[in-house]
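# Fold and contact review
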Amino acid sequence: MFGRLKFKGVDKKRISDEAHVEDYKSALEIGRVRLGKLCMYYRDLGVKYYVPYDYIERCFCRISECQPDDSPAYFYYRLILIHGEKEFANLIFNEKEDVEKILELLKADHPTIQFGYVEPEKKKKKSFFSK
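Here is a short report on the structure shown in this document. (Residues numbered from 1 in each chain as written. Predicted model: local features only at pLDDT ≥ 70, side-chain atom pairs only at ≥ 80, totals over all residues. Heavy atoms only, no water.)

Moving on: the pattern of salt bridges. Tallied over the entire structure, the rule returns 5 salt bridges. A salt bridge links Arg 34 to Glu 29, with the nearest nitrogen and oxygen atoms 3.2 Å apart. Since its relative accessible area comes to 15%, Arg 34 is described here as buried. With a relative accessible area of 44%, Glu 29 lands in the partly exposed category. Glu 100 serves as the salt-bridge partner of Lys 96, at 3.8 Å between the closest nitrogen and oxygen. Of this pair, Lys 96 and Glu 100 both sit in helix H2 (residues 96-109), 4 residues apart, which is roughly one turn of the helix. (Salt bridge = Lys/Arg side-chain N within 4 Å of Asp/Glu carboxyl O. Buried < 20%, exposed > 50% of the residue type's maximum accessible area, 1.4 Å probe, protein only. Helix = DSSP H or I, 4+ residues; strand = E, 2+ residues; numbered from the N terminus.)

Let us look at the packing of aromatic side chains. Within a pair of aromatic rings, the relevant descriptors are the distance that separates the centres and the angle that separates the planes. Within the structure shown, the criterion is met by 7 aromatic pairs. Where Tyr 55 meets Phe 88, the ring centres are 5.1 Å apart and the plane angle is 75°; that geometry is what we call edge-to-face. With a gap of 33 residues between them, Tyr 55 in the loop between strand S6 (47-52) and strand S7 (58-66) and Phe 88 in strand S9 (residues 86-93) connect regions that are remote in the sequence. The exposure class of Phe 88 is partly exposed, given its relative accessible area of 23%. Relative to Tyr 117, the ring of Phe 60 has its centre 5.3 Å away and its plane inclined at 75°; by these criteria the two rings are edge-to-face. Linking Phe 60 in strand S7 with Tyr 117 in the segment after strand S10 (114-115), this pair joins segments that are 57 residues apart in sequence. Judged by its relative accessible area of 5%, Phe 60 falls in the buried class. Of the residues examined, Tyr 117 reaches a relative accessible area of 52% and is grouped as exposed. (Phe/Tyr/Trp six-rings, centres within 6.5 Å; stacked < 30°, edge-to-face > 60°.)

Time to look at the sheet that holds S9. Spatially, the 4 strands line up as an open sheet ordered S9-S8-S7-S10, and their pairing is mixed. Among the strands making up the open sheet, the edge pair consists of S9 and S10. Of the pairings in the sheet, the one linking S7 to S10 comprises 2 bridges and is parallel in character. Its bridge partner lying in S10, Arg 58 is registered against Gln 114. (Pairing = 2+ DSSP bridges.)

The following block contains the structure:
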């Protein structure tokens, strides 16, 4: 079993069945993300993850600016995946086109996924003095 592909799921379970291995191998690769027929796969800190498409409720691109001393700013582009109003994946890319292509393909193939950032509701804190 040495060298067999293994994937970790959002439920923390590990799988290595032949269907997912073949899907991973035949998936379209964009940076560290692969879009298969069964799942979306990505690498993060040396671990290969799989995410069923129906688990992804919303996704969007977040742009992070880095301002080094005495140099022009540069940008990172993050693919954010959300389930249950919580971010479960924050994948960094150097090229905006990679994130845009992934979002475009997800939008075309999976219409149940919502796209774009939605600001979380601000909850009013209960005053200490109120009864």
